[in-house]
Amino acid sequence: MRQNGPVTSATRQSETPASALQPRLIATDLDGTLLRDDKSVSERTVAALAAAEEAGIEVFFVTGRPARWMDVVSDHVHGHGLAICGNGAAVVDLHGGPGAHRFVKVRELARDNALDAVRLLRDAAPGTVYAVEQTYGFYQEPTYPKLHMEIPDLLAPAEELLAPDAPGAREPVLKILAYHPQLDPDAFLTLARLAVGDRATITRSSPSALLEISGPGVSKASTLALCCAERGISHEEVVAFGDMPNDVEMLTWAGQSYAMGNAHPDVIAAASGRTVANNDDGVAVVIERILAERS
């Protein structure tokens, strides 16, 4: 049974059947969900998002991406202009366009917690290498592989990057990326959560053994809940979409949720429904049905 309570991956019982409430907000992941594998937004999906907004349903993009990678959807944030980035570590106003985003909410990973997580995981999984994602900076260890689009601002051991006198020390840390070249991705995630405990929130969205480490209690779900509370929207009025373990809590929290046809097994288990794959416009398929049912 689903139980009411804090926003966690635990399930909860809805007071009102979600199907009885009109959706007021759509929350969708990007990579593997809204975006096709070539990182494009299809014309069908663009039309569905615009139709939802015209019908009075807000659309929120909720992603593990940093704000600077949001230009692919910045034209589609509509009136509110907001997106949840970094797995809930930041709410960003994208009105200014690429490179001109403004952080309106930051839920940082304290450097002490980050250092604890780095050390504990390094002990539990020797060979782990790290990168540090900040509000306006990206740093990595020299042995961290080239997994991302940009050139890092600095190469140094994670302990130096997270030191009080490190370059960028005045900027909040949004998340740590931890990569292991040999471990199975799901096994690495389980090991990391056991090793780090409540010092940080750990999840993953990559098909490789790449983990994302955020502040305690920081997730897509918890930040989305804050944004909804500010708008007077209940979880029962939210429809959510996702495909990877970093979406599980959000899908569990939302009144209606859909795993993509290409979703991870944990996501399929967490969601209340399923749609077709991202390459087949699975998000648009559901939005179109919701709007047809309202008319």
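Presented here is an overview of the structure given in this document.

### Considering the nonpolar core
Okay, so step 1: Membership of the largest hydrophobic core comes to 33 residues, with the highest contact counts inside it found for Ile26, Phe61, Met70, Val73 and Ile287.
Okay, so step 2: Looking at this core, the elements that each hand over two or more residues are helix H1 (30-34), helix H2 (43-54), strand S2 (58-62), strand S3 (82-85), strand S4 (90-93), strand S12 (238-242) and helix H9 (282-294).
Okay, so step 3: Ala114, Leu161, Ala178 and Leu211 belong to the second largest nonpolar core, which has 26 residues in total.

### A look at the environment of Ala52
Okay, so step 1: Tracing the sequence through the fold places Ala52 in helix H2.
Okay, so step 2: Along the sequence, Ala52 and Ile290 sit 238 residues apart, while their C-alpha atoms lie 8.9 Å from each other.
Okay, so step 3: Ignoring any residue separated from it by four or fewer positions in sequence, one finds Ala52 in contact with Ile26, Ile57, Val59, Ile287 and Leu291.

### Looking at the packing of H2 against H9
Okay, so step 1: Viewed as axis vectors pointing N to C, H2 and H9 meet at an angle of 35°, and their least axial separation amounts to 9 Å. Handedness of the crossing formed by H2 with H9: left-handed. Facing Arg44, Thr45, Ala48, Leu49, Ala51 and Ala52 of H2, the residues of H9 in contact are Ala284, Val285, Ile287, Glu288 and Leu291.
Okay, so step 2: A breakdown of the residues in the contact of H2 with H9 according to their chemical character gives 8 nonpolar, 1 polar and 2 charged.

### A closer look at the sheet that holds strand S7 (residues 138-140)
Okay, so step 1: Strand order in the open sheet made by the 6 strands is S8-S7-S6-S9-S11-S10, with mixed pairing throughout. Of all the strands in the sheet, just strand S8 (154-155) and strand S10 (201-203) have a single pairing partner and so form its edges.
Okay, so step 2: Two strands pair when backbone bridges link them, and strand S6 (residues 129-134) and strand S9 (residues 173-179) are joined in this way by 6 bridges, in the antiparallel orientation. Looking at S9, one finds that Ala131 is bridged to Leu177.
Okay, so step 3: Sitting on the sheet, helix H3 (residues 111-124) touches S6, S9 and strand S11 (210-214), and the angle it makes with S6 is about 165°.
Okay, so step 4: Running over the sheet, helix H5 (residues 185-196) touches S9, S10 and S11 and is turned about 175° from S10.

### Overview of the pairing of S4
Okay, so step 1: On S4, burial covers both faces: Ala90 and Val92 on one face and Val91 and Asp93 on the other are all buried.
Okay, so step 2: Both S3 and S4 contribute to a ladder of 4 bridges, which runs antiparallel. Bridge pairing in S4 links Ile84 to Val91.
Okay, so step 3: Following S3, the chain reverses through 4 residues before pairing antiparallel with S4; Gly86 in that reversal takes a positive phi of roughly 60°.
Okay, so step 4: Direction of pairing for S4 relative to strand S5 (residues 102-106): antiparallel, over a ladder of 4 bridges. Within the sheet, the bridge partner assigned to Asp93 lies in S5 and is Arg102.

### With respect to H2
Okay, so step 1: The end-to-end C-alpha separation of H2 is 16 Å, in line with the 16 Å expected for 12 residues at 1.5 Å each.
Okay, so step 2: Taken as a whole, H2 has its buried residues at Thr45, Ala48, Leu49, Ala52 and Glu53. The buried residues of H2 occupy one face: seen down the axis, they fall within an arc of 135°. Seen from the buried face of H2, the exposed residues on the opposite side, beyond 90 degrees, are Glu43 and Glu54.
Okay, so step 3: A positive backbone phi angle near 90° is found at Gly56, which sits one or two residues after H2.

### Some words on the pairing of S12
Okay, so step 1: Of all 5 residues in S12, 5 are buried; the element is thus mostly enclosed.
Okay, so step 2: What you see with S12 is no split at all: Val238, Ala240 and Gly242 on one side and Val239 and Phe241 on the other are buried throughout.
Okay, so step 3: Two elements, strand S1 (residues 25-28) and S12, share 4 bridges in a ladder whose sense is parallel. Pairing of Ala27 across the sheet is with Ala240, part of S12.
Okay, so step 4: As paired elements, S12 and strand S13 (residues 256-259) share 4 bridges and run parallel to each other. Looking across to S13, one finds that Phe241 is bridged to Tyr258.

Rules and cut-offs
- Residues numbered from 1 in each chain as written.
- Predicted model: local features only at pLDDT ≥ 70, side-chain atom pairs only at ≥ 80, totals over all residues.
- Heavy atoms only, no water.
- Core = buried A, V, L, I, M, F, W, Y, C linked by side-chain atoms within 4.5 Å.
- Buried < 20%, exposed > 50% of the residue type's maximum accessible area, 1.4 Å probe, protein only.
- Helix = DSSP H or I, 4+ residues; strand = E, 2+ residues; numbered from the N terminus.
- Contact = heavy atoms within 4.5 Å.
- Axes fitted to C-alpha atoms, helices over the stretch in contact; angles between N-to-C directions.
- Left-handed = near helix turned anticlockwise from the far one by under 90°.
- Nonpolar A, V, L, I, M, F, W, Y, C, P; charged D, E, K, R; others polar.
- Pairing = 2+ DSSP bridges.
- Expected span 1.5 Å × (residues − 1).
- Arc of directions from axis to C-beta.

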